Each structure stands twice: as structure tokens, then as C-alpha cells.
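A closer look at the structure
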Amino acid sequence: MRRLLGRADGFDQVTGTSATDGNLRSELAALSGGSAVFSPEDLDSLAALEGPACPAAELLAKVRIVLSERRQYDPAAAETYLRTLPPQRALILDTVALSPAQVAQAVQAWA
């Protein structure tokens, strides 16, 4: 979510309204499929991001993007499948935990 909030790609859009009723936390909790992706603590953290630099409507829109993407792609299922492949066919890296330099080093070592 933080990466999505920081980028301004034209394709980062979903249909539907992004207007809020003033209670962002409850609106986040009410989004369809949200509880499968975000814990209550995650929703608290997202709601706390609201401010002049990150309006509630933008937060709601970006969360909808994440939920839409999650309906199309299950990263846990993909990882489970990739782990069945021999190590020379799949390199699995946690790009959130690793720095870009660490990812590059792992890819170079793997290749």
C-alpha cells in the first residue's frame, strides 16, 4: 500500500466512487474482501495515514486497487507452486525484506 500511495501511474485506477462519509476506518473495514487482505491493525495503520498529503478518498481508491489486484492474483498460491520447481527454474526473493542491492546480488548469483 505504501508503494502504491507513493506512485502516480495512470493505470492505478478503479471504477466506483472514492468519496468518504468522514469515517475512513469504518469505510476501509466495509470494503468487500478487505478482511482477507488486511488485518484490523493494518486498517488502523492505513486510516492513520489520512492527512493533507494523503486524503481519505485517495486512500480508499488505492485500497480498492489492492483488493482488485488480489482478486486476480494470489501471491501465496503462486509462491507455493514456484517452490515445487527445481532451484534452477525459480528464484524466490522477498523484495520487501531485501534491499535492491541484495536482490541484484541474489539474481546475479542465481543466473
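Residues numbered from 1 in each chain as written. Predicted model: local features only at pLDDT ≥ 70, side-chain atom pairs only at ≥ 80, totals over all residues. Heavy atoms only, no water.

Within the protein chain, the regular secondary structure consists of seven helices and zero strands. Going from the N terminus to the C terminus, the protein chain shows its helices and strands as α-α-α-α-α-α-α. In the protein chain, buried positions account for 23% of the 111 residues. Sequence separation of 24 or more characterises 61% of the internal contacts of the protein chain that already satisfy a separation of 6 or more. A total of about 7,700 Å² of accessible surface is found on the protein chain, and carbon and sulfur atoms cover 54% of it. (Helix = DSSP H or I, 4+ residues; strand = E, 2+ residues; numbered from the N terminus. Buried < 20%, exposed > 50% of the residue type's maximum accessible area, 1.4 Å probe, protein only. Contact = heavy atoms within 4.5 Å. Areas by Shrake-Rupley, 256 points an atom, 1.4 Å probe, with all protein chains shown as cover.)

This part takes up the nonpolar core. The biggest cluster of nonpolar side chains holds 16 residues, and the ones touching the most others in it are Leu 24, Leu 28, Leu 31, Phe 38, Leu 46 and Val 63. For this core, the secondary-structure elements that each account for two or more residues are α2 (24–30), α4 (40–48) and α5 (56–72). For this core, the element with the most residues is α5, which contributes seven residues. (Core = buried A, V, L, I, M, F, W, Y, C linked by side-chain atoms within 4.5 Å.)

Before going further, it helps to spend a moment on the confidence of the model for the protein chain. Detailed reading of the predicted model is not advised wherever pLDDT is low. Taken residue by residue, the protein chain gives an average pLDDT of 85. The fraction at 70 or more is 82%. Taken element by element, the predicted model of the protein chain shows its lowest mean pLDDT in helix α1 (residues 2–6) (66) and its highest in helix α7 (residues 100–110) (96). (pLDDT = per-residue confidence, 0-100.)

Right, let's get into the pattern of salt bridges. Within the structure shown, the criterion is met by two salt bridges. Two residues, Arg 25 and Asp 44, come together in a salt bridge whose shortest N-O distance is 2.6 Å. A residue pair is termed long-range when its members are at least 10 positions apart, and Arg 25 in helix α2 and Asp 44 in helix α4 qualify at 19 residues. The class for Arg 25 is partly exposed, based on a relative accessible area of 26%. A salt bridge links Arg 83 to Glu 79; the shortest N-O distance between them is 2.8 Å. (Salt bridge = Lys/Arg side-chain N within 4 Å of Asp/Glu carboxyl O.)

Inspection of the secondary structure puts Leu 4 in helix α1. A C-alpha to C-alpha distance of 8.5 Å links Leu 4 and Val 66, two positions 62 residues apart in sequence.

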